[in-house]
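Chain by chain, the residues run as shown.
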Amino acid sequence: LVRVTHDEQEMIDHLQHVTHLIIASATSTHAAWMERALAEATPVVFVEKPASGVVSNIERWAAETSRIGMQVFVGFQRPFHPAVGGALAELKRMRGVGELTSNHTLELETRDASPPPLDYAASSGGIAADMSTHDWHEACA
């Protein structure tokens, strides 16, 4: 049974019955949802990056989820976007055939197609916090 809701209280009320949780909410809510999932020992959780901006949270969650057998996946969906995935594939191809032997300068530009809603922007940490992790991930791919 798949249930989708945009009502936070409804989700909280039913969390003890959830076996798979996808956390795809505003960045500022990820940590609180991870805490709720841990409290209920939700078996499988997918959370968009960043799960938390606090390293000690990540370390504690890793230890606790391992201890209780929870599976947590932190998602980087950007490489699966056709434009990004195609560019990464081309870079890998070029490296493989010797057309690109080393990177000396890497320029990355991140921007949203349109401005986010004001309530999201006020709590997200800004585009640098929300998007720069994609740049690092793509640079290291």
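Being a predicted model, the structure only gives us computed values, none of them experimental.

1. Section: the pattern of salt bridges
Part 1: Taken as a whole and judged by the stated rule, the model has 4 salt bridges.
Part 2: In this structure, the salt-bridge partner of Glu 8 is Arg 36, at a minimum N-O distance of 3.4 Å. In this pair, Glu 8 is assigned in helix H1 (residues 8-14) and Arg 36 in helix H2 (residues 30-40), connecting sequence segments 28 residues apart.
Part 3: Classification of Arg 36 as partly exposed rests on a relative accessible area of 25%.

2. Examining the pairing of strand S1 (residues 20-23)
Part 1: Here S1 shows one buried face, formed by Leu 21 and Ile 23, and one open face, formed by His 20 and Ile 22.
Part 2: Both S1 and strand S2 (residues 44-48) contribute to a ladder of 4 bridges, which runs parallel. Within S2, the position partnered with Ile 22 by the bridge is Phe 46.
Part 3: In this fold, the crossover linking S1 to S2 by way of H2 has right-handed handedness.

3. A look at unusual backbone geometry
Part 1: Following Lys 49, the chain continues into Pro 50 via a peptide bond in cis, with omega recorded as -20 degrees.
Part 2: If you trace the backbone, Pro 50 turns up in the loop between S2 and helix H3 (55-68).
Part 3: Within the chain, Ala 41 stands out as a residue other than glycine whose phi angle is a positive 55 degrees.
Part 4: Position of Ala 41 among the secondary structure elements: in the loop between H2 and S2.

4. Focus on H2
Part 1: For H2, the set of buried residues is His 30, Trp 33, Met 34, Ala 37 and Leu 38. Around the axis of H2, the buried residues are gathered within 140 degrees of arc, so they sit on the same side.
Part 2: If you follow the buried residues of H2, they end up packed against H1, S1, S2, H3 and strand S3 (71-75).
Part 3: Within two residues after H2, Ala 41 carries a phi angle of roughly 55 degrees, on the positive side.

5. Looking at the sheet that holds S3
Working definition: the strands of a sheet are paired by backbone hydrogen bonds and lie parallel or antiparallel to each other.
Part 1: The 3 strands are arranged S1-S2-S3 in an open sheet whose pairing can be described as parallel. In this open sheet, the two strands that pair with only one neighbour each are S1 and S3. Adjacent strand axes in the sheet meet at a mean angle of 10 degrees, parallel and antiparallel pairs treated alike.
Part 2: Seen against the sheet, H2 touches S1, S2 and S3 and runs at an angle of roughly 175 degrees to S2.

What counts and how
- Residues numbered from 1 in each chain as written.
- Predicted model: local features only at pLDDT ≥ 70, side-chain atom pairs only at ≥ 80, totals over all residues.
- Heavy atoms only, no water.
- Salt bridge = Lys/Arg side-chain N within 4 Å of Asp/Glu carboxyl O.
- Helix = DSSP H or I, 4+ residues; strand = E, 2+ residues; numbered from the N terminus.
- Buried < 20%, exposed > 50% of the residue type's maximum accessible area, 1.4 Å probe, protein only.
- Pairing = 2+ DSSP bridges.
- Right-handed = clockwise from strand over helix to strand, strands pointing away.
- Arc of directions from axis to C-beta.
- Contact = heavy atoms within 4.5 Å.
- Axes fitted to C-alpha atoms, helices over the stretch in contact; angles between N-to-C directions.

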